[in-house]
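Below, each chain spelled out in residue letters.
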Amino acid sequence: MKLTIVHIKAKNICNKTQELYKLWNFTLLTKAGRIYEQAGLMDLQSIFMPSEDVKTKAVKCMPYYLYSFTNVAPTTVAEFDVVFQTLQQEEASELQFKVGRIEGIERKVIVKL
């Protein structure tokens, strides 16, 4: 297994503050046609004493679940990462997520990778 991390920059184009949690249901599609749901903290294996090899390959990650209750002011950009645990040989082809669910409005967004 490997981690696939998708970095997202979301800009609030509304004229009022929006909550980041209105972006939800992140799904990764691969070139092989497999679908992966966002990995949560409990889904990941902990490494308590990483080797030097692991340390040199480490990347900074700003997981969505830490930022999901952030308020985003008009014209402001919020950045975060969505983490997926995939098979080693998988190549990402598409990210899907939903926007909204409050007030009965929900839209699906598809981003080709």
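Predicted model, so just to flag it, every value in this text is computed and none were measured. (Residues numbered from 1 in each chain as written. Predicted model: local features only at pLDDT ≥ 70, side-chain atom pairs only at ≥ 80, totals over all residues. Heavy atoms only, no water.)

**Observations concerning the environment of N25**
Working step 1: Along the polypeptide, N25 turns up in strand 3 (residues 23-30).
Working step 2: Residues N25 and L44, spaced 19 residues apart in sequence, show a C-alpha to C-alpha distance of 18 Å. (Helix = DSSP H or I, 4+ residues; strand = E, 2+ residues; numbered from the N terminus.)

**With respect to the packing of aromatic side chains**
Working step 1: By the definition in use, this model includes five aromatic pairs.
Working step 2: Residues Y21 and F69 carry aromatic rings whose centres are separated by 5.6 Å and whose planes lie at 45° to one another, so their mutual orientation is tilted. Of this pair, Y21 sits in the loop between strand 2 (18-19) and strand 3 while F69 sits in the loop between helix 2 (64-67) and strand 5 (71-72); the two residues are 48 residues apart in sequence, bridging distant segments of the chain.
Working step 3: Judged by relative accessible area, F69 falls into the exposed class, the value being 69%. (Phe/Tyr/Trp six-rings, centres within 6.5 Å; stacked < 30°, edge-to-face > 60°. Buried < 20%, exposed > 50% of the residue type's maximum accessible area, 1.4 Å probe, protein only.)

**Re the sheet that holds strand 3**
Working step 1: Pairing in this open sheet of four strands is antiparallel, and the strands run 4-3-7-8 from one edge to the other. Bordering the open sheet on either side are strand 4 (35-37) and strand 8 (107-112), each of which pairs with just one other strand. Looking at each pair of strands side by side, their axes are set apart by 25° on average, direction ignored.
Working step 2: Here strand 3 pairs with strand 4 via three bridges, running antiparallel. Among the inter-strand pairings, L28 is bridged to a residue of strand 4, identified as Y36. (Pairing = 2+ DSSP bridges. Axes fitted to C-alpha atoms, helices over the stretch in contact; angles between N-to-C directions.)

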